[in-house]
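Given next are the chains, with one letter for each unit.
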Protein chains: 2
Amino acid sequence: MDYNAQYQAYLNTAETALAQQADRCFNERSRVCEAARYSLFGGGKRVRAVLCLAVCDMLNGNRNAAACYAAGVEMLHCYSLIHDDLPCMDNDDMRRGRPSCHKAFGEATALLAGDTLLTAAFETLSGSPGTAVQNTAAVCALSRAAGANGMVWGQELDLAFEEKPATAEELREVHRNKTGMLINAAAQLGAVAASADDIQRQAIARYAFSVGLVFQIIDDILDVTATAQQLGKPIGSDTANGKTTFVTLHGVERSRGIAQELTDGACGVLRAAFGGRAQFLETLAASLLERNQ
Amino acid sequence: MDYNAQYQAYLNTAETALAQQADRCFNERSRVCEAARYSLFGGGKRVRAVLCLAVCDMLNGNRNAAACYAAGVEMLHCYSLIHDDLPCMDNDDMRRGRPSCHKAFGEATALLAGDTLLTAAFETLSGSPGTAVQNTAAVCALSRAAGANGMVWGQELDLAFEEKPATAEELREVHRNKTGMLINAAAQLGAVAASADDIQRQAIARYAFSVGLVFQIIDDILDVTATAQQLGKPIGSDTANGKTTFVTLHGVERSRGIAQELTDGACGVLRAAFGGRAQFLETLAASLLERNQ
């Protein structure tokens, strides 16, 4: 199967698992769940789900367990977007070309929709067809990555640096926590579904954190080079907010160079550890480098 | 040991476990975690933690596992209070005699403090010294109780009934979800730590949902009979909001009668199932009926 067909196959697996888990965790009578569905099924590349599934496949793991883990990671990611968009946070009116959750459903409902999705993520992981040891490890990894030493910490740092410029090192710490931790967790959940060993997990972490940082660097570049239509949200917002980004620190060309180096490094680590089985994840890393939306 | 000494012993166990888990899950540099600590260690009776520990003891379960589960339930309860107090929700400025979290730390920090506590609850459960089967069951039970078919659903119903009066049946559905589900989950996690069977878990559920409802009925009564100093928050707020409560539906005397009947029923079920080992939980139910703050 070629890369695009394989990506589409993973995407279909993720969408099916998400639909099943939404049916299981949500409540038909609830407007909060309607809001959660609006955001959860509002498009998106499902990069985290695909990472989880591809790592599991690379290691010959339990695909059904990984499908549940992939759905849980996407739920958790979706909660973070809904809460980030709230007026007291980034106050974003648009997300993926549509009104953000609180614009469409009101603030209280959006807050609860985020809370529901975060909770449902752990309900989904704990109900996965993996073994109890795997499911516990999955909850452990995802909660660790999403909490006060991971994504929430990145969000907090990000808010702090809206008020003062960040150094290159601080910017990397923001991204490592705000995006990297969850992307790594997605990949690690694929590894959990395959009961991977420490050495395998370390190689996957090096790959995932690099890919996560590339993802952010490209975001920063697209904020100044893409059109609003491509992104489905206003462009130039970082510049307008006086925010430190890879582009303000290094310029567009050098930023692209850094992203290229990170991608090369990530792919090298993976190839050394897993040989030809790393092919899909290598191509995935390259495609994230070249994306224009 | 008499009831009060036993309660204090459970409370000490819960506080110790909470302090350990906060150290493990939180981040010293984070103001979000400072806010989470402010709310988590701001007093409170820790009824849920005590329930969890007492049920585990009644069934001769693993106390160390139950201590972790108790801490997780309290973290989850604390998140719900922080988010409930936010301006877009109940907009409460005071909680337990002090400024509520967003009043003390600002809205963005309070939102993230709630998110962190919810996440840390699952980190705590998954890192408990219980078996993997127990820890997975614990995550499953708590997430189910806290989500779109439990606490969040109760919160949503509660907000809806601020706009129109509720019937007696609807009011019970609000309470069953908003408070009862989490109180039952606390008790069930004690049962998980003891690998209880279905019949035991059903008896515990009947007890827990009754106790949870009594808790709410007494809250409604205290809102019209207690002083603000006793409660640490303004009194008469339900009446001022035109909210339906047990008191508006049934009056104070009949509400007390319903609470007494529920307590008697709860204790009867427990005694039938567990005999003399149910003594502490029976006294706990009676004390919740008689509380004045």
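Fair warning: this is a prediction, and the values are worked out from it, not measured in the lab.

## Digging into the overall build of chain A
Of regular secondary structure, chain A possesses 14 helices and two strands. Looking at chain A as a whole, 60% of its 293 residues qualify as buried. Long-range pairs, those at least 24 residues apart, make up 72% of the contacts in chain A with a sequence separation of at least 6. Carbon and sulfur atoms make up 49% of the accessible area of chain A, which totals about 11300 Å².

## Notes on the nonpolar core
General note: in soluble globular proteins, nonpolar side chains tend to be found buried as a group. Counting 188 residues, the largest nonpolar core has Phe 26, Leu 76 and Leu 281 of chain A together with Phe 26, Leu 76 and Leu 281 of chain B as its most contacted members. In this structure Phe 26 of chain A touches Gln 21, Cys 33, Ala 36, Arg 37, Leu 40, Thr 116, Leu 117 and Ala 120 of chain A together with Ala 148 and Asn 149 of chain B, once residues within four positions along its chain are discounted.

## A few points about the interface of chain A and chain B
With 43 residues of chain A at the contact, the number on the chain B side is 43 residues. Taken together, the links from chain A to chain B amount to four salt bridges. Linking Arg 29 of chain B and Glu 173 of chain A is a salt bridge whose minimum nitrogen-to-oxygen distance equals 3.1 Å. The interface formed by chain A and chain B holds 23 residue pairs in polar contact (both at pLDDT 80 or more) in total. Put simply, the parts of the chain that give the side of chain A that touches chain B at least two residues each are helix H1 (3–25), helix H2 (31–40), helix H4 (63–85), helix H6 (107–126), helix H7 (132–146) and helix H8 (151–160) of chain A. Take the side of chain A that touches chain B: its biggest share by element is 11 residues, from H6 of chain A. Residue composition of the side of chain A that touches chain B, by class: 22 nonpolar, 12 polar and nine charged.

## Overview of the relation of the copies chain A and chain B
Superposition of chain A onto chain B requires a rotation of 180° combined with a translation of 0.0 Å along the rotation axis, giving an RMSD of 0.0 Å. The superposition of one copy onto the other is thereby described by a two-fold rotation axis.

Reading the values: the criteria
Residues numbered from 1 in each chain as written. Chains lettered and ligands numbered in written order. Predicted model: local features only at pLDDT ≥ 70, side-chain atom pairs only at ≥ 80, totals over all residues. Heavy atoms only, no water. Helix = DSSP H or I, 4+ residues; strand = E, 2+ residues; numbered from the N terminus. Buried < 20%, exposed > 50% of the residue type's maximum accessible area, 1.4 Å probe, protein only. Contact = heavy atoms within 4.5 Å. Areas by Shrake-Rupley, 256 points an atom, 1.4 Å probe, with all protein chains shown as cover. Core = buried A, V, L, I, M, F, W, Y, C linked by side-chain atoms within 4.5 Å. Salt bridge = Lys/Arg side-chain N within 4 Å of Asp/Glu carboxyl O. Polar contact = N/O pair within 3.5 Å; in protein donor to acceptor, adjacent residues only side chain to side chain. Nonpolar A, V, L, I, M, F, W, Y, C, P; charged D, E, K, R; others polar. Least-squares fit on C-alpha atoms with pLDDT ≥ 70 in both.

Treat this as a map of the structure, not an account of what it does.
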